[in-house]
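# Reading the structure
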Amino acid sequence: MALLTAPFATSRADETAVVDDRGAEPWSELDGRVDRLVAALTARGLEPGATVLLMAGNQRESIEVILACMHGGWLVVLVNAHWVADEVTYMLEDTEAAAVVAGEARIDVALAAMEAGPRPRILLGLVDGPRDGFESYDEVLASASVVDPVAATRFGGPMFYTSGTTGRPKGV
């Protein structure tokens, strides 16, 4: 169990942890999915301290990615939903992102940004099936084996970017 969600997965297993437009996810399911995502990203070579760009909306998977990054020792950067490819290219370069997780509505922007800039090794899409180099997030989770959470825990966290009103946005 992911150390951040384990107490709730044990004491409140069937209670709702996260809700989005598609329904609710109980603590036990959230905990298991976070564990599998940590395992999947680790298996793909994501090193401690690496950066993951999250280009997704208000959905359960966004919470899973944020928790997995916190648990796996990675920085997670939430990309502004209004940013265009040029701005995302800048962020890919500035963060030296090792992974991108993109929702259906943002994959095209991510792809356009990677045409002009670096292409991270790990690309996960919140879509049905693989698409343009993005692995399906759900398929990746379904095939992941869980790792020992204590061995995998290296606390990471979020990095935010300023609005860039005086030039390019800056990570803080």
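For the structure itself, consult the block above.
Read on for an overview of the structure. Please read all numbers here as calculations on a predicted model, not as lab measurements. (Residues numbered from 1 in each chain as written. Predicted model: local features only at pLDDT ≥ 70, side-chain atom pairs only at ≥ 80, totals over all residues. Heavy atoms only, no water.)

### Considering the side chain of S62
Condition: Here a strand is any run of E in DSSP of at least two residues, a helix any run of H or I of at least four, and the numbering for each starts at the N terminus. The criterion used for residue contact is that any of the two residues' heavy atoms lie within 4.5 Å.
Structurally, S62 is set in helix α3 (residues 60-72). The contact partners of S62, leaving out residues within four places of it in the chain, are L54, A56 and G57.

### Regarding α3
In an α-helix there are 3.6 residues to a turn, and that puts residues three or four apart on one side. Quick note on the threshold: One less than the residue count of a helix, multiplied by 1.5 Å, gives the span that helix is expected to have. Working definition: with a 1.4 Å probe on protein chains only, accessible area under 20% of the residue-type maximum means buried, over 50% means exposed, and in between means partly exposed.
Given a rise of 1.5 Å per residue, 13 residues ought to cover 18 Å, and the 18 Å separating the end C-alpha atoms of α3 matches this to within 8%. Within α3, ten of the 13 residues are buried, which leaves it mostly tucked inside the rest of the structure. Residues of α3 that are buried: R60, E61, S62, E64, V65, L67, A68, C69, H71 and G72. Of the residues flanking the end of α3, it is G73, one or two places downstream, whose phi is positive at about 85°.

### Things to note about the nonpolar core
Keep this limit in mind: Here, the term nonpolar core denotes a set of buried Ala, Val, Leu, Ile, Met, Phe, Trp, Tyr and Cys residues that are joined through side-chain atoms within 4.5 Å.
By size, the foremost hydrophobic cluster in this structure holds 28 residues, and its most contacted members are L46 and V65. Of all elements in the fold, only α2 (27-43), β3 (51-55), α3, β5 (99-103), β6 (122-126) and α6 (137-143) reach the threshold of two or more residues within this core. Of the residues forming this core, the biggest block, seven residues, is contributed by α2. Contacts of V65, omitting those with residues within four sequence positions, involve L37, V52, L54, V76, V101 and Y137.

Keep in mind these numbers describe shape, not what the thing actually does.
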